[in-house]
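Here is how the chains run, residue by residue.
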Amino acid sequence: MDGLLAFSVRRSEPPGLEIRVNFGMFAGREATAAEIQDLGSELLPEIGNAEITSETRYEIGPDTEADVHQVRIDVPGESLPVDDFLIGELAGRLISIAERWADTCIADRHAEVSEQ
């Protein structure tokens, strides 16, 4: 199992556009697999190909500790228009889709966020 459990990956090209959704901050929970699939279905007409990552990051420091659940949408550069203005418009549409999706998920099922 050497090298299979944990491994490094160097990305030769970063995503052309990245949209982050602070899902856990507002929902108080992680997004479900079904919700992520719904988001993908809503994004397909706009971009065709994207990578959606649902992740929990743990931020740990001498005086702080937090876990943050985010949903990240990575759009490859080849899926983007060549004009910066059009990329900005696309980003705005994708943000609107992500916000609408998150609002629906949160309205359907919300967990109270507690401070510890």
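Our structure's up above, just so we're on the same page.
Since we're looking at a predicted model, the values are computed, not measured. (Residues numbered from 1 in each chain as written. Predicted model: local features only at pLDDT ≥ 70, side-chain atom pairs only at ≥ 80, totals over all residues. Heavy atoms only, no water.)

Draft legend 1. Representation of the sheet that holds strand 3 (residues 65–75). Spatial strand order, 1-3-2: three strands in an open sheet with antiparallel pairing. Of all the strands in the sheet, the pair left with one neighbour each is strand 1 (17–21) and strand 2 (51–60). The average undirected angle you get between the axes of adjacent strands in this sheet is 30°. In the sheet, strand 1 pairs with strand 3 via five bridges, with the strands oriented antiparallel. Along strand 3, the bridge assignment pairs Arg 20 with Arg 72. With respect to the sheet, helix 3 (residues 84–108) is in contact with strand 1 and strand 3, its orientation differing from that of strand 1 by roughly 25°. (Pairing = 2+ DSSP bridges. Helix = DSSP H or I, 4+ residues; strand = E, 2+ residues; numbered from the N terminus. Axes fitted to C-alpha atoms, helices over the stretch in contact; angles between N-to-C directions. Contact = heavy atoms within 4.5 Å.)

Draft legend 2. Region of interest: the nonpolar core. By size, the foremost hydrophobic cluster in this structure holds 24 residues, and its most contacted members are Phe 23, Val 71, Leu 94 and Trp 101. At the level of elements, strand 1, helix 1 (23–27), helix 2 (33–47), strand 3 and helix 3 are the ones that each hand at least two residues to this core. Of the residues forming this core, the biggest block, ten residues, is contributed by helix 3. Leaving out residues up to four positions away in the same chain, Trp 101 has contacts with Val 21, Phe 23, Ala 31, Glu 35, Ile 36, Asp 38, Leu 39, Glu 42 and Val 71. (Core = buried A, V, L, I, M, F, W, Y, C linked by side-chain atoms within 4.5 Å. Buried < 20%, exposed > 50% of the residue type's maximum accessible area, 1.4 Å probe, protein only.)

Draft legend 3. Region of the structure containing the pairing of strand 3. Bridging between strand 2 and strand 3 involves ten bridges; their strand directions are antiparallel. Bridge pairing links Glu 51 to Asp 74 in strand 3.

Draft legend 4. Focus on the packing of aromatic side chains. Applying the stated criterion across every chain yields a total of one aromatic pair. Summarising the aromatic geometry, the rings of Phe 23 and Trp 101 are spaced 5.3 Å apart at their centres and angled 35° between planes, so their arrangement reads as tilted. Placement of the pair is Phe 23 in helix 1 and Trp 101 in helix 3, with a sequence separation of 78 residues. (Phe/Tyr/Trp six-rings, centres within 6.5 Å; stacked < 30°, edge-to-face > 60°.)

Draft legend 5. Structural view of helix 3. Here helix 3 spans 36 Å end to end across 25 residues, near enough to the 36 Å set by a 1.5 Å rise per residue. Within the sequence span of helix 3, burial applies to Ile 87, Leu 90, Ala 91, Leu 94, Ile 97, Ala 98, Trp 101, Ala 102, Cys 105 and Ile 106. In this structure, the buried residues of helix 3 make contact with strand 1, helix 1, helix 2 and strand 3. (Expected span 1.5 Å × (residues − 1).)

Draft legend 6. View of the packing of helix 2 against helix 3. Interaxial distance between helix 2 and helix 3 falls to 10 Å at its minimum, and their mutual angle equals 155°. Comparing their axes, helix 3 and helix 2 come out roughly antiparallel. In this structure, helix 2 crosses over helix 3, and the sense of that crossing is right-handed. Within the contact between the two elements, helix 2 uses Glu 35, Ile 36, Asp 38, Leu 39, Glu 42, Leu 43, Glu 46 and Ile 47 and helix 3 uses Leu 90, Arg 93, Leu 94, Ile 97, Ala 98, Trp 101 and Cys 105. (Parallel < 35°, antiparallel > 145°, perpendicular 65-115°, else oblique. Left-handed = near helix turned anticlockwise from the far one by under 90°.)

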